[in-house]
Amino acid sequence: MNERLKQFQNEIKGKKIALLGMGISNRAAVDFLLSAGAELTARDQNPNPSEEITEFLTARGVKMLYGADYLSDITEDVVFKSPGIRFDIPALAEAAKQGVKITSEMEVFLSLCPCKIFAVTGSDGKTTTTTLISEMLKRKAEKIGSRVYLGGNIGTPLLPFLEEMRPCDFAVLELSSFQLHTMQASPVSAVVTNVTPNHLNWHLSMEEYVESKKNIYALQDGSCRLVLNANNAITASMAKEAKAEVTFFSSVEKPDAPHACYFENGVIFYDGKPVMKREDIKLVGMHNVENYMAAISAVHGYVDTEDMLDVARNFGGVAHRIELIAEKNGIKYYNSSIDTSPTRTLAALASFNEKLIVIVGGYDKHIPIEPLIAPLAEKAKFTVATGDTGLEVLQKLTASGYPKKQTAYIGDFDEAVYFAMKTAKAGDTVLLSPAAASFDAFVNFEARGNRFRALVTENC
C-alpha cells in the first residue's frame, strides 16, 4: 500500500476542492478525488462547456461554475489549478492569503508517486527525449516484471494510476514550464534538453521562464541525476547550482566533466564507451542524435546498451515531429506541427538536405523570429505563411533578400495547405513546421497536425 497516498486520501476526505480549468489534467483528477471523499466544484472561464464535459460532471455530482465569474468567491479548502493558469493572478493570490492551498494534478502526483520518476523539460526536444526514455525503460521493465507509465505534458494524466503503481515501476514525465512554475518536488533523474526563449506571452520575463525550468532539479539531492546540454549556455550554467550528480551531453565535443555523453566520429559515447552509431538511429536529423544522448544519459545504469540499440533501430518517431504522412505523385508531405518555436523549426529544416516548401506561422508567443530567417531563406524554395505570425515571418524574409515571388501569405490554415499542395511538383517536399503555437486556430498542436494530415490524405 502506498502510505503517502493513503495519508493524502485521509486528509482530503470531506474537503472542498476547486478544479480551476477543466482541461485534461483536472478532468483526470475528478474520479480520483471523488473516490477519496472530496467535494468538487469545477470552475472554468468558458461560458459554454461542451455537452460531453457537462454530462461527465453532472453524472458525478460535481458543482459547476462557468463563465466570467468562475474566479469569484474561492472559499474551497484546496484549488487544483490547470497548468496554463498562473498561481499569482489576483483571485488565487487572495485565496492563498485566506489559507486556501493552491496546487495542481502534477504537483500532487510527484509528491505521491511510489516509483522512480524520470522527467524531461526544455524548450525543444523534450517530447522525443521523454518518449525515448520511456521506450528504453520499457525494455528493462519487460525483463523485471515492472511497468512504465508515460505522462505529464504528453500521454495520459497519471494521478488515477497511483493506486496500482509499485516501487519497482517507472514513471516518465514531460514537464512544461507551466507545470514546473511552482513545483515543489523533483525526480530521481531529470533532463533539461536546452533553454531558449519560449512562452514569453505567459511568463513575465525570460528570467522567470528559466527559473521555472530550474524547478525540475531544485529539490534533488546527491542520490539523483541531472542531465544537461553542454552546448546550451543556460543549461550548462545550471550545473553550478545542482546538488545531484550531473551528466553533460554534447554533439560538438567531449565535455570536460566526470560524466559525459558525446558524439564523435559518427558514434555516441557515454563515459568513453561506445553506445550506438548514428546509422543505428532510425530518426533523421542531428537534433535526434542529441535527443538520444539526453535519453541515454538519463537511463544509463538502468537500461542495458542492447536495449538502447533496439529502441534506436526500431523507434520511428513521435507523431507531429517530422512525421512523413504521405507520398503521392513524387511529393512527400511531412507533419512537424510540434514545432511551436523558431528553434524547433530550425532543427526540422536542418533534418533535410533538399529544398523545401515550408508552411510557417501561427499564434504569437512573443518569441524573436529573427534567428529563423536566414536558415529558412536558405532551405525553402517556397514559403507559405499563415496565422498571426505569418506576416512577420514574410516581412523579415523578404527584407533579407528572399524573392517575394517565392512567398505567399494565406490567413486561413486550410487554404494555406491547399496552396502548398498546388505549388508542389514531383520531387518536392512539403513541410508543415509553424515555428509558432496553434492557439489562433486550433486547441493544440496535435489538432493542427491532425488537420494537416487530413487535408493532405484527402486531397493528394
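These numbers were taken from a predicted model, which means no experiment stands behind them. Throughout this document, residue positions are counted from 1 along each chain, in the order its sequence is written. This being a predicted model, a pLDDT of at least 70 is required before a residue's local features are given, and a value of 80 or more before pairs of side-chain atoms are given or counted; all residues contribute to the totals for chains, interfaces and linings. Each side-chain value is derived from all of the structure's non-hydrogen atoms; neither hydrogens nor water enter the calculation.

Draft legend 1. Here's a closer look at the overall build of the protein chain. Segments assigned H or I by DSSP are reported as helices when at least four residues long, segments assigned E as strands when at least two residues long, and all are numbered from the N terminus. A count of helical and extended segments in the protein chain gives 16 helices and 20 strands. Taken over C-alpha atoms, the radius of gyration is set against a globule rule of 2.2 Å times the number of residues to the power 0.38. Relative to the globule expectation of 23 Å for 460 residues, the C-alpha radius of gyration of the protein chain, 23 Å, shows essentially globular dimensions. Projected onto its principal axes, the C-alpha positions of the protein chain cover 65 × 55 × 40 Å. Residues classed as buried in the protein chain amount to 56% of the 460 residues present. When a residue's accessible area, from a 1.4 Å probe over protein chains only, is under 20% of the maximum for its type it is buried; when over 50% it is exposed; and in between it is partly exposed.

Draft legend 2. Representation of the sheet that holds strand 20 (residues 429–432). By the convention used here, strands pair only if DSSP detects at least 2 bridges between them. Spatial ordering of the open sheet is given by 15-16-20-17-18-19, a layout of six strands whose pairing is mixed. Edge positions in the open sheet fall to strand 15 (323–328) and strand 19 (407–409), since each of these has one partner strand only. Here the average twist between neighbouring strands, direction ignored, is 15 degrees. Relative to strand 16 (residues 331–335), strand 15 runs antiparallel, the two being bridged by five bridges. Within the sheet, the bridge partner assigned to Lys328 lies in strand 16 and is Ile331. Any pair of residues with heavy atoms lying within 4.5 Å of one another is described as a contacting pair. Here an axis means a line fitted to C-alpha atoms, over the contact stretch when the element is a helix, while the angle between two N-to-C directions is reported on a 0 to 180 degree scale. Along the sheet, helix 13 (residues 370–379) makes contact with strand 17 (356–360) and strand 18 (380–385), crossing strand 18 at roughly 125 degrees. Sitting on the sheet, helix 14 (residues 387–399) is in contact with strand 17, strand 18 and strand 19, with an inclination near 150 degrees to strand 19.

Draft legend 3. Inspection of the environment of Pro47 at higher detail. Along the chain, Pro47 falls in the loop between strand 2 (39–44) and helix 3 (51–59). Taking relative accessible area as the criterion, Pro47 reaches 55% and is therefore assigned exposed. Here the alpha-carbon distance between Pro47 and Ala68, two residues 21 residues apart in the chain, equals 7.1 Å.

Draft legend 4. The sheet that holds strand 14 (residues 273–277), seen in detail. Sheet architecture is open: nine strands sit in the order 7-8-6-9-10-11-12-13-14, paired in mixed fashion. Pairing within the sheet leaves two strands with one partner each, and these edge strands are strand 7 (148–152) and strand 14. With direction set aside, neighbouring strand axes in the sheet form an average angle of 20 degrees. Contacts from helix 10 (residues 286–299) reach strand 6 (116–121), strand 9 (189–192), strand 10 (225–229), strand 11 (245–250), strand 12 (260–264), strand 13 (267–270) and strand 14 within the one sheet, and its direction differs from that of strand 12 by about 150 degrees.

Draft legend 5. Up close: the side chain of Thr131. On the secondary structure map, Thr131 appears in helix 6 (residues 126–144). Judged by relative accessible area, which is 11%, Thr131 ranks as buried. The contacts of Thr131, once residues within four sequence positions are left out, are Ile154, Phe315 and Val318.

Draft legend 6. Up close: the side chain of Ser351. Assignment of secondary structure puts Ser351 in the loop between helix 12 (342–350) and strand 17. Relative accessible area serves as the criterion here: at 15%, Ser351 is assigned to the buried category. One polar contact links Ser351 to His287, side chain to side chain, over a distance of 3.3 Å. In this structure Ser351 touches Val284, Gly285, His287 and Ile322, once residues within four positions along its chain are discounted. Any pair of nitrogen or oxygen atoms within 3.5 Å is treated as a polar contact; in protein, a donor-acceptor pairing is required on top of that, and neighbouring residues in sequence qualify only through side-chain atoms on both sides.

Draft legend 7. Representation of the pattern of salt bridges in the model. The salt bridge definition used is simple: a Lys or Arg side-chain nitrogen within 4 Å of an Asp or Glu carboxyl oxygen. Tallied over the entire structure, the rule returns 24 salt bridges. For Glu135, the salt bridge goes to Lys138, with nearest N and O atoms at 3.3 Å. You can see Glu135 and its partner Lys138 sitting in helix 6, three residues apart, about one turn around the helix. Exposure remark for Glu135: the relative accessible area of 18% places this residue in the buried category. The residue Glu370 makes a salt bridge to Lys396 at a minimum N-O spacing of 3.7 Å. Taken as a pair, Glu370 in helix 13 and Lys396 in helix 14 lie far apart in primary sequence, 26 residues in all. Classification of Glu370 by relative accessible area gives partly exposed; the value is 44%. Of the residues examined, Lys396 reaches a relative accessible area of 27% and is grouped as partly exposed. A cluster of three or more residues bridged by salt bridges with shared partners is formed by Glu135, Lys138, Arg139 and Asp310.

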